[in-house]
Amino acid sequence: MSSEFLNFILALSIIIVVAKASGYISVRLGQPSVLGELIAGIILGPTVLNMLHGWPIFQEDAHLGEMITFLAEIGVILLMMLAGLELELHDLARSGKVAAMSGTIGVIFPLVMGIGLALLFGSSMDSAVFIGLTLSATSVSISAQTLLELKALRTRVGLAMLGAAVFDDILVILALSLAVILVAGSGGGLGSIIITLLRMVGYLGVGTALGIYVLPRLAHWVERMPISQGLIAFSLVICLLYAWAAEIFGGMATITGAFLLGLFMARLPFRDRIESGLVTLAYGFFVPIFFVNIGLEANMRAISGNAWWFALLLTAVAVISKILGCGLGGKLAGFSNWESFQLGVGMVSRGEVGLIVASFAIAQGLINQEVFSIVVFMVIVATLLTPPMLRAAFAYAPNNKSETAPV
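Now for the environment of alanine 128. When you line up the elements, alanine 128 lands in helix H7 (residues 125-136). The exposure class assigned to alanine 128 is buried, which follows from its relative accessible area of 0%. With 238 residues separating them in the primary sequence, alanine 128 and leucine 366 have C-alpha atoms 9.0 Å apart. Beyond its immediate stretch of four places on either side in the chain, alanine 128 contacts Ile115, Ala118, Leu119 and Ser123.

Quick look at the structure:
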């Protein structure tokens, strides 16, 4: 048996054990598990231990990092499909106007402020757009977990926050696809952009038609077949094909296709079975590799000199822009000043989608290693700040009963 394969399975064992142990410690400390997995990656990566390139057993294996990255990319595809599966359109509609306004303005403010700050520090416009997009996303899972701990998920602010976070992520995913179109088409003029836009519309149209009319029939047929875990295998294959087609035919990011499929699968009567099967596969193996791989690729040592000013200012902008943007959206939709502040604070946490944008940007050469490490730093600090800020926002509400009354 080749030493490369043995090194591969040893590296995977280390990554998964360290990721799960760090996630457990993070949860015990009142933080989301994703934060622990990110920190685990940073510790294993070039910032501290430099596992892949500094340990003698892995040092000469040139393809190890690439194989781990491939598994991490499958992890992010599954993660985005699960995000689509969790989306309940009636819950989003229940929060209504406030979710739409808070989610939309909460994307615009960080995007514009992030682009402005990046340009101020000498980034190109393409790079600045992707830096702004990393600031725009809110982690639905982190917000929901914090609200559950506060027993505030079913309050007016809680439901609005959840709806706005979902709205926010949808907008960022669409903005990412548009940014990819503009960057890819910038060298080919207006005609290239129009062609790419037509490809995008065509993919969305065909993908939607298949998802509404063909997918349910296929899923019911597979579900009746005497195949071991046939429904899970079918869901996984269709997810990978939607992701593949999104980039090949639609000119969009693969995660957009996976997210789109998740929305359609959520309409099926056996959605819970699909979700439970994919959750086991994703969170038991692929997703921890994705989050640890973020840390493996981020080198905090690459941040030096004036770059630390950029890192600190970017983190400050990430926090302030979400509170201002989402809070303004809440206020315009009829929330009180304190409810709007609670809503804004709850949207500060960054997570999966922001990291996905950063990973895509560095893979395309749109940001360098230093900027990628700065973005990871911003995500970690913003995620750390959210739970204590949110607890304080609810604990010191002027009229706690009315501010957090259930809908």
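Attention shifts here to the side chain of glutamate 275. Counting through the fold element by element, glutamate 275 comes out in helix H13 (residues 271-297). Here glutamate 275 sits buried without a salt bridge, and the closest side chain of opposite charge, arginine 271, lies 4.5 Å off (N-O distance).

Glancing now at the pattern of salt bridges. Under the definition given, this model contains four salt bridges. Measuring nitrogen to oxygen at the nearest pair gives 2.8 Å for the salt bridge that ties arginine 273 to glutamate 223. One end of the pair, arginine 273, is in helix H13; the other, glutamate 223, is in helix H10 (residues 189-224), with 50 residues separating them in the sequence. In this structure, arginine 271 engages aspartate 272 in a salt bridge whose closest nitrogen and oxygen atoms are separated by 3.9 Å.

In this model, the second largest pocket occupies a volume close to 470 Å³. As for the second largest pocket, its lining consists of 20 residues, of which Glu73, Val76, Ser359, Phe360 and Ala363 are closest to the centre. Looking at the lining of the second largest pocket, the elements that each hand over two or more residues are helix H5 (64-85), helix H12 (254-265), H13 and helix H16 (352-363). When its residues are assigned to classes, the lining of the second largest pocket shows twelve nonpolar, five polar and three charged.

Ranked by internal contacts, the top residues of the largest apolar core, which has 107 residues, are Ile68, Phe130 and Val376. The dominant element in this core, judged by the number of residues it contributes, is H5, at twelve residues. Apart from the residues lying within four places of it in its own chain, the contact partners of valine 376 are Ile42, Ile294, Ala298, Met300 and Leu355. By size, the runner-up hydrophobic cluster in this structure holds 18 residues, among which are Val157, Val319, Phe335 and Leu343.

Before going further, it helps to spend a moment on empty space enclosed by the protein. Across all of its chains, the model carries one cavity of 30 Å³ or more by this definition. What the largest cavity holds in volume is close to 40 Å³. In terms of lining residues, the largest cavity is bounded by Leu44, Gly45, Pro46, Asn50, Met51, Leu52, His53 and Leu296. The greatest single-element share of the lining of the largest cavity, amounting to three residues, is contributed by helix H3 (residues 51-54). In terms of residue class, the lining of the largest cavity is built from five nonpolar, three polar and no charged.

Next up on the list: the confidence of the model for the protein. Detailed conclusions should not be drawn from predicted coordinates in areas where pLDDT is low. With 88% of its residues at a pLDDT of at least 70, the protein reaches an overall mean of 84. Mean pLDDT values for the elements of the protein range from 47 in helix H18 (residues 400-403) up to 94 in helix H14 (residues 307-332). A low-confidence stretch, residues 401-407 (pLDDT under 50), is modelled with 19 contacts involving residues beyond four sequence positions or located in other chains.

Positioned with a positive phi, asparagine 50 is a non-glycine residue whose angle comes to about 50 degrees. Mapped onto the secondary structure, asparagine 50 falls in the loop between helix H2 (33-44) and H3. Asparagine 50 gets classed as partly exposed once you look at its relative accessible area, which sits at 23%.

Each value, and the rule that gives it
Starting afresh in each chain, residues are numbered from 1 along the sequence in its written order. With the structure being a predicted model, the display of local features is reserved for residues of pLDDT at least 70 and the display and counting of side-chain atom pairs for 80 or more, all residues being used for whole-chain, interface and lining totals. As a convention, hydrogens and water are excluded, and side-chain values are obtained from all of the structure's heavy atoms. A helix here means a DSSP run of H or I that spans at least four residues, while a strand means a run of E at least two residues long, and both kinds are numbered starting from the N terminus. Remark: exposure states derive from per-residue accessible area (1.4 Å probe, protein chains only) relative to the maximum for the residue type, with buried under 20%, exposed over 50%, and partly exposed in between. Should any heavy atoms of two residues lie within 4.5 Å, those residues are counted as being in contact. Positive charges come from Lys and Arg, negative ones from Asp and Glu, while His and the chain ends are left out of the count. Any carboxyl oxygen of Asp or Glu that lies within 4 Å of a side-chain nitrogen of Lys or Arg is treated as forming a salt bridge with it. Note on definitions: the grid is 1 Å and covers protein atoms alone; a cavity is a set of points where a 1.4 Å probe fits but cannot get out; a pocket is an open set with protein on both sides within 12 Å along at least five of seven lines; lining residues have an atom within 4 Å of a point. Grid points are joined across faces, edges and corners, and a volume is the space filled by probe spheres set on the points. Side-chain classes follow a simple rule in which Ala, Val, Leu, Ile, Met, Phe, Trp, Tyr, Cys and Pro form the nonpolar group, Asp, Glu, Lys and Arg form the charged group, and the remainder, Gly included, forms the polar group. Put simply, a nonpolar core is a bunch of buried Ala, Val, Leu, Ile, Met, Phe, Trp, Tyr and Cys residues held in one set by side-chain atoms that sit within 4.5 Å of each other. One confidence number per residue, pLDDT, is output by the predictor and ranges from 0 to 100.

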